[in-house]
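Residue strings, one per chain:
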Amino acid sequence: MELHRQRQQSSGCVIMCLDEGESCRSLLTAAMLQVMLARLPHLDVAVTTASIGPAIPGMRSPNLEAVASEMDLVLPAGTLHEFDELRDTVRCDLILTMDRFDHAEVQKEVSVLDRINSSGFYTQRIRQLGSFGPGGLAARPALDIADPLYAKMTHGAEHAALRAAVHDIAAACRHLVRSLAQLKARAGASTSLRIALACLLQCPALDPQVLTARRRAASLRRPLWRSEGGRLLTLRTLRGEGRVVAARRAPVVPCGHWRDTRSVDEALQAWMAARGGDGGGRLPTQAALRASSANSLSWAVDRHGGMAAAARRLDLAMARRRPNGHWDMPALAAELAPYLLREPEGSAPRLPTAAALVAEGRTDLVRAIRLNGGFKACARKLVMYEEAGGGKEDGVDGRLNLGSHWATRRMPQTPGQARQEGRLEAAAARVRALQHAHAFDPRVMPTHAQLRAAGEGKTIAALLGAGGARRVAAHMGLRFQETRGRRPGRRRNEEALQEVVFV
């Protein structure tokens, strides 16, 4: 069959439009192609239709006929034809599918022919109609043309969907016909359109539109640069006039220039002097450096400790931003002092709420409080800071004064937190009663071994339910005895250890 087709002297090509049921999209595509090809009589192209799967007669929608008459399209008439992958693939030069699902199904059926005759390139003849675009066949991915009759719709919705499908089909057919016309003009009289189309489908890069775009890009003259006085100059056309323009280039610094802090400080001072003095005695921000394309200077400042270190070296203030680690407890207490909520005379102040600080424009204080653990944690830390006399909070001894007015702003407990507090109190009451009954050390939490020896299994269960003996000991202020890893009879003091090692 393929040999018989090749022996034919016909120069025209055959295009087949496929659709499921041959009831809508393939008919509209064939009608649109016939209208456009009628205006180009030098293109010898025949258009046919076929159905993917069984074709059921009488399935045309009344809206299809109405939309076709509105667009002045004449739908193909005649008997319905089911696609035959053996005969139709060999007979046709281009097979158009409407969406990727139909395309995959037809490709699967036709791929058998490529195994029989690999020189036929049969699967290359199958293309989606939406793959033809303004840039040619190889310029864009294929677009699906949705089936307007796929879902159940009202009369008006179906009519609107058909009109939208006609516009999509018309755009794709216009690009297809344009590619065929350019292909025929490029092939000339010596090569038939059928052979030229076969070459195009086997290598989409041969599309005339793609080749024209590549030639246009290759024909553009690249600018020629000339070095003069340390600058790169070239000739550009600006507003119709040829002008000599210079390339914008950052000054090149020698290798290792930014290793010395003096180079960084001098570059910062030069940057500030070029922008109007010392900036009011303040350093620029990193954002300002990067906005002025001083990216290498910004990187060098970060490498040598950041803006805070540069401010200390140059004896300048930072610009609107505090250095990293600024919000320790002394700085937070000093900044919070003007905003504390004063109670009646003689009582301690209370922390302001986040809404109150935001209303005062101090979102930095809200962020600082959250960095220190939140409002409740900051209240406790401020209690420790006040009890330590304004010193470091790390060296404070004793338990927190949770009854202080600093810590009155507490979040309400959840039911789970309330149950856990109840378990802790119950376990603590059992331990206190046990210490009194068995004469245990009141400063030390009894171990599980001691509790088992005393027959207090319920106390062990209460401790485990409250989070463990360590947590109950912390809640009661008792010393917890670490027993993990110990072996009976092992000496723990330093003298015994030295005796074992050096004897």
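Refer to the structure above for everything that follows.
Keep in mind that what you see is a predicted model, and the values were worked out from it rather than measured. (Residues numbered from 1 in each chain as written. Predicted model: local features only at pLDDT ≥ 70, side-chain atom pairs only at ≥ 80, totals over all residues. Heavy atoms only, no water.)

Draft legend 1. Fine view of a negative patch on the surface. A contiguous patch of negative charge, built from Glu-20, Glu-82, Glu-105 and Glu-109, is present on the exposed surface. Tracing the backbone through its elements, the reader meets Glu-20 in the loop between β1 (13–19) and α2 (25–37). (Patch = residues over 30% accessible without salt bridge, like charges linked within 9 Å, V, L, I, M, F, W, Y side chains within 5 Å. Areas by Shrake-Rupley, 256 points an atom, 1.4 Å probe, with all protein chains shown as cover. Salt bridge = Lys/Arg side-chain N within 4 Å of Asp/Glu carboxyl O. Lys, Arg positive; Asp, Glu negative; His and termini not counted. Charge placed at Lys NZ, Arg CZ, Asp CG, Glu CD. Helix = DSSP H or I, 4+ residues; strand = E, 2+ residues; numbered from the N terminus.)

Draft legend 2. Fine view of the side chain of His-304. Relative to the elements of secondary structure, His-304 occurs in the loop between α11 (295–303) and α12 (306–314). Given a relative accessible area of 17%, His-304 falls into the buried group. Discounting chain neighbours no more than four positions away, the residues touching His-304 are Trp-258, Arg-259, Asp-260, Thr-261, Val-264, Ala-309 and Arg-313. (Buried < 20%, exposed > 50% of the residue type's maximum accessible area, 1.4 Å probe, protein only. Contact = heavy atoms within 4.5 Å.)

Draft legend 3. Representation of the sheet that holds strand β4 (residues 126–128). Overall, parallel pairing links the four strands, which are arranged β2-β1-β3-β4 in an open sheet. Two strands in the sheet have a free side with no partner beyond their single neighbour: β2 (45–51) and β4. Strand after strand, the sheet turns through a mean of 30 degrees between neighbouring axes, direction not considered. Pairing analysis gives three bridges linking strand β3 (residues 94–97) to β4, with the strands arranged parallel. Bridging across to β4, Ile-95 finds its partner in Ile-126. Sheet contacts for α2: β1, β2 and β3; angle to β2, the most-contacted strand, approximately 175 degrees. (Pairing = 2+ DSSP bridges. Axes fitted to C-alpha atoms, helices over the stretch in contact; angles between N-to-C directions.)

Draft legend 4. Layout of the pairing of β2. Of all seven residues that make up β2, five are buried, and the element is covered over most of its length. Here seven bridges tie β1 to β2, and the two strands are oriented parallel to one another. Within the sheet, the bridge partner assigned to Cys-13 lies in β2 and is Val-45. With α2 bridging β1 and the parallel β2, this β-α-β connection has right-handed handedness. (Right-handed = clockwise from strand over helix to strand, strands pointing away.)

Draft legend 5. Structural view of the pattern of salt bridges. Scanning all chains against the criterion turns up eleven salt bridges. Here Asp-19 makes a salt bridge to Arg-25, at a shortest N to O gap of 3.0 Å. By the burial criterion, Asp-19 is buried, and Arg-25 matches it. With a shortest N-O distance of 3.0 Å, Arg-313 and Asp-265 are connected by a salt bridge. Separated by 48 residues along the polypeptide, Arg-313 in helix α12 and Asp-265 in helix α9 (residues 261–273) bring together distant segments of the chain. Among the residues examined, Asp-265 registers a relative accessible area of 11% and is labelled buried.

Draft legend 6. Expanded view of α2. Its 13 residues place the ends of α2 18 Å apart at the C-alpha level, agreeing with the 18 Å of an ideal helix rising 1.5 Å per residue. Among the 13 residues that make up α2, eleven are buried, leaving the element largely enclosed by the rest of the structure. Listing the buried residues of α2 in full gives Arg-25, Ser-26, Leu-27, Leu-28, Thr-29, Ala-30, Ala-31, Met-32, Leu-33, Met-36 and Leu-37. (Expected span 1.5 Å × (residues − 1).)

Draft legend 7. Molecular detail of the environment of Glu-158. With respect to the helices and strands, the residue Glu-158 is situated in helix α6 (residues 155–187). On the basis of relative accessibility, which here comes to 15%, the residue Glu-158 falls in the buried class. Sequence separation between Glu-158 and Ser-61 is 97 residues, and the spatial gap between their C-alpha atoms is 9.4 Å. Residue contacts for Glu-158: discarding those within four places in its chain leaves Ser-61, Asn-63, Leu-149 and Met-153.

Everything listed here is a matter of coordinates, which is why it stays silent on function.
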